[in-house]
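This is what each chain is made of:
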Protein chains: 2
Amino acid sequence: MTRRITVGAAQLGAIQKSDSRKVAVERMLALMAEGHRRGVELIVFPELALTTFFPRHYAERIEEMDHWFETAMPSNETAPLFEAARRYRMGFHLGYAELTTEADETGTVRPRRFNTAILVNPDGRIILKYRKVHLPGHAEFDPNRRVQHLEKRYFEVGNLGFPVVRSPMGRVEGGINMGLLICNDRRWPEAWRVLGLQSVELVMLGYNTPSINQDAKGWEAHHLRVFHSHLSVQAGCYQNATWGVAVAKAGVEDGAELFGHSIIVNPQGEIVAMADSWEDQLVTYDCDLEMCRLGRTTIFNFAAHRRPEHYQRIVSQVGAVEPPMV
Amino acid sequence: MTRRITVGAAQLGAIQKSDSRKVAVERMLALMAEGHRRGVELIVFPELALTTFFPRHYAERIEEMDHWFETAMPSNETAPLFEAARRYRMGFHLGYAELTTEADETGTVRPRRFNTAILVNPDGRIILKYRKVHLPGHAEFDPNRRVQHLEKRYFEVGNLGFPVVRSPMGRVEGGINMGLLICNDRRWPEAWRVLGLQSVELVMLGYNTPSINQDAKGWEAHHLRVFHSHLSVQAGCYQNATWGVAVAKAGVEDGAELFGHSIIVNPQGEIVAMADSWEDQLVTYDCDLEMCRLGRTTIFNFAAHRRPEHYQRIVSQVGAVEPPMV
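Per chain, residues are indexed from 1 in the order of the written sequence. The order in which chains are written sets their letters, starting at A; the order in which ligands are written sets their numbers, starting at 1. Local features in this predicted model are restricted to residues whose pLDDT is 70 or higher, and side-chain atom pairs enter the listing and the counts only when it is 80 or higher, whereas totals over whole chains, interfaces and linings include all residues. Where side-chain values are given, they derive from all heavy atoms of the structure, hydrogens and water being excluded.

As named in an unreviewed UniProt entry, chain A is N-carbamoyl-D-amino-acid hydrolase, taken from Elioraea tepida.

## Examining the overall build of chain A
Tallying secondary structure elements over chain A gives 8 helices and 14 strands in all. Along the first, second and third principal axes, the C-alpha set of chain A runs to 65 × 55 × 45 Å. A burial count over chain A gives 63% of its 326 residues as buried. Taking contacts inside chain A between residues at least 6 apart in sequence as the whole, the part at least 24 apart equals 69%. Positive charges come from Lys and Arg alone, negative charges from Asp and Glu alone, with His and the N- and C-terminal ends not counted. Note that the charge is assigned to NZ on lysines, CZ on arginines, CG on aspartates and CD on glutamates. For chain A, the distance from the average site of its 37 positive side-chain charges to the average site of its 39 negative ones is 3 Å. Comment: elements are numbered from the N terminus, with helices defined as DSSP H or I runs of at least four residues and strands as E runs of at least two. Exposure classes here rest on a 1.4 Å probe applied to the protein chains alone. A residue is buried below 20% of its type maximum, exposed above 50%, and partly exposed in between. Contacts are assigned to residue pairs with any non-hydrogen atoms lying within 4.5 Å of each other.

## What about the sheet that holds strand E13 (residues 271-274) of chain A?
All names here are of chain A. Here we have 6 strands laid out as an open sheet, ordered E6-E7-E8-E9-E12-E13, and mixed in their pairing. For this open sheet the edge positions go to strand E6 (164-169) and E13, each flanked by a neighbour on one side alone. Mean inter-strand twist for the sheet, computed between neighbouring axes without regard to direction, equals 25 degrees. Two elements, E6 and strand E7 (residues 172-182), share 5 bridges in a ladder whose sense is antiparallel. Strands are labelled as partners when DSSP assigns at least two bridges between them. In this analysis, axes come from line fits to C-alpha atoms, helices being fitted only over the stretch in contact, and the angle between any two N-to-C directions falls in the range 0 to 180 degrees.

## Notes on the UniProt feature "domain: CN hydrolase" (unreviewed entry) in chain A
Within this numbering scheme, the UniProt entry marks residues 5-289 of chain A as carrying the feature "domain: CN hydrolase" (unreviewed entry). The distance separating the terminal C-alpha atoms of residues 5-289 of chain A is 8 Å; by composition the span is 20% helix and 33% strand. UniProt positions are given in the numbering used here, feature names are shortened, and annotations may be inferred rather than shown by experiment.

## Considerations on the pattern of salt bridges
We count a salt bridge whenever a side-chain nitrogen from Lys or Arg sits within 4 Å of a carboxyl oxygen from Asp or Glu. Summed over the entire model, instances satisfying the criterion amount to 64 salt bridges over all chains. As a salt-bridge pair, Arg131 of chain A and Glu102 of chain A come within 3.0 Å of each other at their nearest N and O atoms. Of this pair, Arg131 of chain A sits in strand E5 (residues 126-131) while Glu102 of chain A sits in strand E3 (residues 91-103); the two residues are 29 residues apart in sequence, bridging distant segments of the chain. Judged by relative accessible area, which is 4%, Arg131 of chain A ranks as buried. A relative accessible area of 24% places Glu102 of chain A in the partly exposed class. Here Arg293 of chain B ties to Glu290 of chain B by a salt bridge, and the two come within 2.4 Å at their closest N and O atoms. For Glu290 of chain B, a relative accessible area of 21% puts it in the partly exposed group. Salt bridges sharing common partners tie together Arg4, Glu41, Arg171, Asp286 and Asp288 of chain A.

## Quick notes on the layout of surface pockets
Here a cavity is any set of points on a 1 Å grid over the protein atoms alone where a 1.4 Å probe fits but cannot get out, and a pocket is any open set with protein on both sides within 12 Å along at least 5 of 7 lines; a residue lines the site when it has an atom within 4 Å of a point. Grid points are joined across faces, edges and corners, and a volume is the space filled by probe spheres set on the points. In this model, the largest pocket occupies a volume close to 850 Å³. Only helix H6 (292-297) and helix H7 (302-305) of chain A together with helix H5 (224-240) and strand E11 (256-259) of chain B provide two or more residues apiece to the lining of the largest pocket. Gly falls in the polar group here, along with every residue not listed as nonpolar (Ala, Val, Leu, Ile, Met, Phe, Trp, Tyr, Cys, Pro) or charged (Asp, Glu, Lys, Arg). Among the residues forming the lining of the largest pocket, the class breakdown is 16 nonpolar, 18 polar and 11 charged. A volume near 450 Å³ is recorded for the second largest pocket.

## Thoughts on the side chain of Thr6 of chain B
Residue and element names in this part refer to chain B. Its place among the elements puts Thr6 in strand E1 (residues 4-11). At 2.7 Å, the side chain of Thr6 and the side chain of Asp286 are in polar contact. For Thr6, the contacting residues outside a window of four places in its chain are Arg38, Gly39, Val40, Glu41, Leu42, Arg171, Tyr285 and Asp286. Here a polar contact means two N or O atoms within 3.5 Å. Within protein one must be a hydrogen donor candidate and the other an acceptor candidate, and residues neighboring in sequence count only if both atoms are side-chain atoms.

## Observations regarding the packing of aromatic side chains
Only Phe, Tyr and Trp rings are paired, with Trp represented by its six-membered ring, and only when their centres lie within 6.5 Å; those with planes under 30 degrees apart are stacked, over 60 edge-to-face, the remainder tilted. Under the definition given, this model contains 26 aromatic pairs over all chains. Centroid distance Tyr130 of chain B to Phe162 of chain B: 5.6 Å. Interplanar angle 25 degrees. Geometry classified as stacked. One end of the pair, Tyr130 of chain B, is in strand E5 (residues 126-131); the other, Phe162 of chain B, is in the loop between helix H3 (151-154) and strand E6 (164-169), with 32 residues separating them in the sequence. Each member of the pair, Tyr130 of chain B as well as Phe162 of chain B, carries the same accessibility label: buried. Of the aromatic side chains, those joined through ring pairs into one cluster are Phe54, Trp68, Phe69, Tyr154 and Phe155 of chain A. Criterion for a charge above a ring: Lys NZ or Arg CZ within 6 Å of the ring centre, and within 35 degrees of the ring normal. Seen from the ring of Tyr88 of chain A, Arg87 of chain A lies directly overhead, with NZ or CZ sitting 5.0 Å from the centre. Sitting over the face of the ring of Tyr207 of chain A, Arg186 of chain A holds its NZ or CZ atom 4.3 Å from the ring centroid.

## Observations concerning the environment of Ser20 of chain A
Residue and element names in this part refer to chain A. When you line up the elements, Ser20 lands in the loop between strand E1 (4-11) and helix H1 (21-37). According to the relative accessible area criterion, Ser20 is partly exposed, its value standing at 35%. Sequence separation of Ser20 and Thr51 is 31 residues, and the distance between their C-alpha atoms is 7.3 Å.

## A short note on the sheet that holds strand E14 (residues 281-288) of chain A
Strands pair in a sheet through their backbones, by hydrogen bonds, and they do so in one of two ways: parallel or antiparallel. All names here are of chain A. With mixed pairing, the 6 strands of this open sheet are ordered in space as E5-E4-E3-E2-E1-E14. What marks the edges here is a single partner per strand, and that holds for E5 and E14. For this sheet, the mean angle separating the axes of adjacent strands, direction not counted, is 35 degrees. As paired strands, strand E2 (residues 42-44) and E3 are joined by 3 bridges and run parallel to one another.

## Thoughts on the interface of chain A and chain B
Between chain A and chain B, the residue contacts involve 79 residues of the former and 80 residues of the latter. Buried area adds together the accessible area that both of two parts lose upon being put together, with accessible area traced by a 1.4 Å probe. Here chain A and chain B share an interface that buries about 7200 Å² over both sides, 64% of which is from carbon and sulfur atoms. Considering only the surface of chain A that becomes buried against chain B, Trp219, His310 and Val326 of chain A emerge as the three largest contributors, covering 10% of it. Between Glu190 of chain B and Arg193 of chain A there is a salt bridge, with its nearest N and O atoms 2.6 Å apart. Linking chain A with chain B are 42 residue pairs in polar contact (both at pLDDT 80 or more). Broken down by secondary-structure element, the contributors of at least two residues to the side of chain A that touches chain B are E6, E7, helix H4 (189-196), helix H5 (224-240), H7 and helix H8 (313-316) of chain A. When the residues that make up the side of chain A that touches chain B are grouped by side-chain class, the tally is 38 nonpolar, 25 polar and 16 charged.

## Re the relation of the copies chain A and chain B
Here the copies are matched by least squares. The fit uses the C-alpha atoms of residues with pLDDT of at least 70 in both. Of the two same-sequence chains, chain A is brought onto chain B (RMSD 0.0 Å, axial shift 0.0 Å) by a rotation of 180 degrees. Overall, the copies show the geometry of a two-fold rotation axis.

## Concerning empty space enclosed by the protein
Taken as a whole and judged by the stated rule, the model has 5 cavities of 30 Å³ or more. Taken together, 15 residues line the largest cavity, and the ones lying closest to its centre are Glu220 of chain A together with Tyr238, Gln268, Gly295 and Ile299 of chain B. Mapped by element, the contributors of at least two residues to the lining of the largest cavity are H5 of chain A together with helix H6 (292-297) of chain B. Broken down by class, the residue content of the lining of the largest cavity amounts to 7 nonpolar, 5 polar and 3 charged. Considering only enclosed or pocket space, the second largest cavity measures out at about 50 Å³ in volume. Pro189 and Gln239 of chain A together with Arg186, Pro189, Trp192, Ser232, Ala235, Gly236, Gln239 and Asn240 of chain B are the residues that line the second largest cavity. Listed by contribution, the elements that provide at least two residues to the lining of the second largest cavity are helix H4 (189-196) and H5 of chain B. Partitioned by chemical class, the residues of the lining of the second largest cavity number 4 nonpolar, 5 polar and 1 charged.

## Describing H1 of chain A
All names here are of chain A. With 17 residues, H1 extends 24 Å from end C-alpha to end C-alpha; this agrees with the ideal 24 Å at 1.5 Å per step. Of all the positions in H1, only Arg21, Ala24, Val25, Arg27, Met28, Leu31, Met32 and Gly35 are classed as buried. All buried residues of H1 fall inside an arc of 160 degrees around its axis, so they share one side. For H1, exposure combined with an orientation more than 90 degrees from the buried face picks out Lys22 and Arg37. Buried residues along H1 sit in contact with E1, E2, helix H2 (79-88), E3 and E14. For a helix, the expected span equals 1.5 Å multiplied by the residue count minus one. In this description, one arc is meant: the one made by directions from the helix axis to the C-beta atoms.

Shown next as structure tokens:
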């Protein structure tokens, strides 16, 4: 019984503000067809893959942005992706903005907006949904920024935790343990560890990350942006003995540059495939899930080595405190 | 008021089983003298710096190994390090095996053994002590291993948590927030985060890591050993916006090779200095602690971005669980 799966990191080039969902879906369908040609069994699309990265634009009333959100999945526009999944027997991962009407923590039913990712199996069934927990950026218009990053304005913090499911995929009939992160989540080792504690074997994550850190102010060289992204994914994979597929939207979108460099990373933390363009591009790798075993039975055998009694600050504190002077 | 400090990563070459503490201390004193010549204000020695890495040797009775442990610090043998600290106005970090008689969790006073590190200020005063939490290896003789790794036999899990203190050091009169890790701790993002949550600015850690992973069994290329060490330190520094000084014992010790490659890492996760020998070697860097500010006020502003309500598994679970099948 094989434990190998051929995954595709389906990087998307820029999607401009004027591009319709139909255009984006057609580009994704082309990548799925290309994936089929190259034996891909699971294809991973980026965060907010159906539209431009709209949190760079400000709206005083949040409702003015609702046209960027999906109220159904599948919808008329996205149904062809689900049909292609069935036709090719190919699972897919898709990131999108989700507008839903559901109860909040107080029980009030109201419109709620999340930065969401789903995993769809080769039957076209949604088997996993995740809503982004680590929203970067800011909630109010920032006059000091040339480009806004208003994720904290338009999205609520995800309320589904970091779920992992086991499900058959491709040739792996016995199932793969799969989990999702979105963009900025990848920099947070807590998120990776919560997946690792559920025996994750394959983490999929989409991102839209600007090439320029507008907060850097001379303290961070521009070229470190890609390094930081890769460093975080590589460490997350190594320290949790999991495969990772990190897929970008890339290129100059609405005048703002996204850095691309999508990667597939093995449980040793090695980059085994990488996109080298700012365009729609598919990179593939045939992943041996048995590689997860070494880490999780030896150096990262959590049951043998973790010491949660010394980790309490991770949940008892949110922000950092100052240490005592000695 | 400057926030710069010149640190020295004082790698030690092999210390053989037959080498006395006097030999090791003399080598460290030579490195302190060299550090003085090069303006070092804080020098970092490795884990278990006074002896060979004795957990590679088996003893049926733990007490047979007590001659590898320190029962006083300073002692007659280590006092010259404290004297040199005062003479040069140089802080130092030292790792050693600690044998103490103190109460355990049940209140029983008994001999206890820890893998310990201390930080000594330029007055020769111990200002911070840490006892290793993440003990690697095994507790019983393993006939399948050519070289044993018996840390779980000879040491108890550290009982001091991951403390951080603020103290003046070198030119930094207002104090530096300093924390300690030991060897295998560096692979555990929980340990780094607990330090980060105490606003750490400079993490010191010593290590003794074999060049060969005897558990690898064809799943891990030998050259990845150094990569994994560096990856963990770089990610820990970047994700907690701290400087890191990771210092090895290196070379062929008692017939077993330790990989060296000591590094100094900045808060961007960049390696800014690295040892390139398997010998006693001092690498230095003048660290600007103001570099910690960018990360902790923007992308790693913990108070703004962390979501502990979704991190509960980190403390509620020790080992990994299996996910649901869908």
